[in-house]
Amino acid sequence: GFKVTVPSFRGDLRQNVDLIEEIARIIGYDRLQVSFPHIQVLNIAPNARPRQLRRQISDVLLSNGYDETVTFSLISHKDLKASNLSHLPVIEMHNALSAEHCLLRPSMMPSLLHVAATNFNRGQKDLRLFELGKRYFLNGERSTLGILAAGKKNVQWQSNSKERVNFFDVKGILEQIRVGAEVQFEAGNYAGLEDYSAAVIKLDGKIIGAAGKVEKKVLAIANYL
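What comes next concerns the included structure.

1. Focus on the pattern of salt bridges
Under the counting rule described, the total for this entry stands at nine salt bridges. Lys134 is the salt-bridge partner of Glu141, the closest N and O atoms lying 2.7 Å from each other. Given a relative accessible area of 29%, Lys134 falls into the partly exposed group. Lys202 serves as the salt-bridge partner of Glu186, at 3.1 Å between the closest nitrogen and oxygen. On the criterion of sequence distance, the pair formed by Glu186 in strand β7 (residues 183-187) and Lys202 in strand β8 (residues 199-203) is long-range, its members being 16 residues apart. Among the residues examined, Glu186 registers a relative accessible area of 36% and is labelled partly exposed. Overlapping salt bridges bring together Arg10, Asp12, Glu22 and Arg25 as one network.

Structure representation (structure tokens):
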């Protein structure tokens with residue numbers, strides 16, 4: 001063995017692993033034998049259904065001309081207020097890097113509206129977007145599907161139709177997604193959506209979401225009109 005005394009000017013050598021790293025550097029990392037650490041793996045069967053369900057949902061939406069988007073899970077108080085969702089309980093970050101990313105989102109709407117605004121500002125107003133992301137609550141997180149459609153109903157360049165997308169276009173897409181049971185649509189109110197065109201979505205009698213037209217005042221505040 002060796003007894004090693006660290007020079008006083010090498011304040012970075014504090015533990016035995018620091019000295020081992022020095023020896024490895026001098027010998028040459030390329031001369032060290034590659035090995036993998038032994039990790040104890042628990043015999044827990046993975047739950048494949050969430051992945052299968054996500055793939056199934058994505059396939060339906062992609063085949064209908066929708067594009068998948070991925071957004072930040074962090075939003076701001078301003079985003080929540082602009083979406084008329086400031087009444088929702090939120091989880092606030094204690095060490096947020098900026099005021100724009102200080103809340104864990106309780107809804108997908110602010111994130112999708114941001115994507116829409118970015119596209120609108122660049123002249124692209126015919127949108128078919130979806131995101132499979134997470135919403136966050138005090139009692140945990142939930143995987144959520146968010147869908148946004150805007151502009152002309154037919155986005156094919158050879159079509160001259162100027163008919164705009166509406167509630168029934170989104171409803172038709174949602175009805176194509178099979179989750180083991182039929183979903184039902186019932187008239188109801190949902191924050192951020194126009195009362196006359198909003199519906200709650202139920203599965204086995206339980207409300208699992210909502211669909212409708214975004215309120216004009218939300219679009220006006222966000223400069224989307």
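Read on, since the account is not over.
2. Notes on the side chain of Ser111
Looking at where Ser111 falls in the secondary structure, it is placed in helix α4 (residues 109-120). If sequence neighbours within four positions are ignored, Ser111 has contacts with Thr71, Phe72, Ile75 and Arg105.

3. Quick notes on the sheet that holds β7
Taken in spatial order, the three strands line up as β7-β8-β9 in an open sheet, and their pairing is antiparallel. Looking at strand neighbours, the two that pair on one side only are β7 and β9 (206-211), the edges of this open sheet. Sheet twist, expressed as the mean angle between neighbouring strand axes with direction ignored, is 35 degrees.

What counts, and where the lines are drawn
- Residues numbered from 1 in each chain as written.
- Predicted model: local features only at pLDDT ≥ 70, side-chain atom pairs only at ≥ 80, totals over all residues.
- Heavy atoms only, no water.
- Salt bridge = Lys/Arg side-chain N within 4 Å of Asp/Glu carboxyl O.
- Buried < 20%, exposed > 50% of the residue type's maximum accessible area, 1.4 Å probe, protein only.
- Helix = DSSP H or I, 4+ residues; strand = E, 2+ residues; numbered from the N terminus.
- Contact = heavy atoms within 4.5 Å.
- Pairing = 2+ DSSP bridges.
- Axes fitted to C-alpha atoms, helices over the stretch in contact; angles between N-to-C directions.

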